[in-house]
Every structure is written in C-alpha cells, then in structure tokens.
Amino acid sequence: MQQYFSDTKLAPGAVYEMTPQQAHHAGNVVHLQGKIIRLVHNGEAYFARCEGNGRKMTALVLEKDPVKRELDAELVLLQALVRREKFEWILQKATELGVSRIIPFESSRCVVQYRKEKAERQKERWMQIVTEAAEQSKREKIPVIDDVLRFEDVCRFEAEEKYLAYENAFGESPLLGSVYTGESAAFVIGPEGGFSEEEVQALVSGGYRTVTLGARILRAETAALAALAVMADTAERKQR
Ligand code: SAM
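Residues numbered from 1 in each chain as written. Predicted model: local features only at pLDDT ≥ 70, side-chain atom pairs only at ≥ 80, totals over all residues. Heavy atoms only, no water.

Trainee: What is the right way to read the pattern of salt bridges from this model?
Mentor: Close approach of charged atoms allows side chains of opposite charge to pair. The final tally for this structure, using the stated rule, is 19 salt bridges. Ionic pairing is found between Glu-88 and Arg-84, a salt bridge with its closest N-O pair at 3.2 Å. On the criterion of helical spacing, the pair formed by Glu-88 and Arg-84 is a turn pair, its members being 4 residues apart in helix α2 (residues 84–96). For Glu-88, a relative accessible area of 11% puts it in the buried group. (Salt bridge = Lys/Arg side-chain N within 4 Å of Asp/Glu carboxyl O. Helix = DSSP H or I, 4+ residues; strand = E, 2+ residues; numbered from the N terminus. Buried < 20%, exposed > 50% of the residue type's maximum accessible area, 1.4 Å probe, protein only.)

Trainee: It is not clear to me how the packing of aromatic side chains should be interpreted in this structure. Could you clarify?
Mentor: Two aromatic rings, taken as a pair, are described by how far apart their centres are and by the angle between their planes. Under the defined criterion, the tally for this structure stands at 5 aromatic pairs. A ring pair is formed by Phe-105 and Phe-151, whose centres lie 6.5 Å apart and whose planes are at 50°; its orientation type is tilted. With Phe-105 in strand β7 (residues 101–105) and Phe-151 in helix α4 (residues 151–155), this pair connects stretches of sequence that are 46 residues apart. Here Phe-105 falls in the buried class, since its relative accessible area comes to 0%. Measuring from ring centre to ring centre gives 6.2 Å for Phe-105 and Phe-195, while their planes differ by 5°; the resulting arrangement is stacked. Of this pair, Phe-105 sits in strand β7 while Phe-195 sits in the loop between β10 (185–189) and α6 (197–205), and the two are 90 residues apart along the sequence. Of the two residues, Phe-105 and Phe-195, both sit in the buried class. Among the aromatic residues, those joined into a cluster by ring pairs are Phe-105, Phe-151 and Phe-195. (Phe/Tyr/Trp six-rings, centres within 6.5 Å; stacked < 30°, edge-to-face > 60°.)

Right under this line is the structure:
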C-alpha cells in the first residue's frame, strides 16, 4: 500500500488534495485511481481512497490506521560525513530502521569536505531520500536532518544516553546491545578514516560511552546500520 505524507490535518470524510509530485506519482506512475492508500499527518495515519487523473489527484480520508510503526525511543545518529553515495545509503537505511534524527558532522579524518555553498541543495536531496524511505517503510514520522555540525559541538551534544561506536574498543568496552536500555539515545559513528585518539578522548570527556559492535572492523555505513538495528530491536522489545 502506497503511503504519502500530508502537510494538512487529516480527518475521516475530509478530501486531501495531493501535491503535484504526489499526483504525478499516484496517477501516472503507480496508477492508484480508486485504490486505498495510507496518508500520514503529524504522526497520525489514515486510510484513504484515491481519485483523479494524474494531474489533479485527491484522496477521500477514511478511518484511522490503528497500527503504529514509530519507536517510542528517540534515536539520534551523529554521523561523520562520508562519501556521498555512502551517506545517502545511510540516510535511507537509517530511516527504514527507525532513526528519529540524523546529525552529520565533520571530523579530522573525513575524506569528504563539507561545502557550505552546496548545503541547501544537498539538504533538499537528503530530505527527499528520508521522505521516500519513510513512505516506503510506512513510518508515521520523517527523520529530522540537522545542519552539519562541527566536531566540538558533537562532543557537547546533550542526550540521556550517549554512545561512541569505537572499533578499537573491542577488548575493554561492552557490546552496544548489552548496555543500551531501550530508551532515547544518541550514538556517534566515525568517517571512513575513523577517529583520532584525541577525538576519541574528546568524545569520552563529552560524556560518550565507548561501545563495540563486535571484533570486526565495519565500514562506516555498516556500523551505522548495525548500531541502529541493535538499538531499534531493544527499543521495540521494550515497548511491546
Ligand atoms: N579505524 C577503522 C579502520 O581501521 O579501518 C576505520 C573506521 S570505520 C571504517 C568507521 C566507523 O565505524 C568507526 O569510526 C566506528 O565509529 C565504526 N566502527 C567500525 N567498526 C566498528 C566496531 N567493530 N565497533 C564499533 N564501531 C565500529
């Protein structure tokens, strides 16, 4: 069942007018005339029946969808900038896994440089990726993507639980899954080149607990997903 996000309030009996992009997709790409779709506004989902011709498409709002797919816990991924296609893949997969907020940041060993002049277009593309992933995974919320943070601000980031996924912590740090409580948390994943010793120390001084994701050295994108999968599973189990 196709899902779209609505920026207007929904109620049974209301008629939702699709945006031009949604109308084109619903009418010309997936041919949803007469079909039932899922509309979401402000965290609430409704079933609705599509009508229209591809240029102008509406949906008659029916009953509420009782199924809730959002995690209760707010999971915040602080992700060092990595190569474009990898970062975009992290955005999509992290959205499917239930991330609430993604905060990109720069650190000393990032292989890509953050270009301020490209920020606006980049953010639009990033929002498109997480919106489509949230629609595909039937989430009631679209993850928030912050502006790119400086490393110093990552160290100061406030959260109930703060974890630093550190590949050299295998010997002396716990597995993330054995310490994460299932509540809201922030976790940091480094760039392709990892963190310098000084950066690790600065993050620990900023209140991050080092955790391991296992004995193997994961690519940044694999580590981001592994950490999220562990945390989403724990959080989901806690809310059942
Ligand atoms: N230092 C790594 C190396 O030797 O190739 C490069 C960093 S790794 C590609 C990118 C990020 O993934 C790390 O900064 C860390 O946050 C995370 N990571 C990778 N493997 C991990 C593991 N086994 N446990 C915890 N975090 C890991």
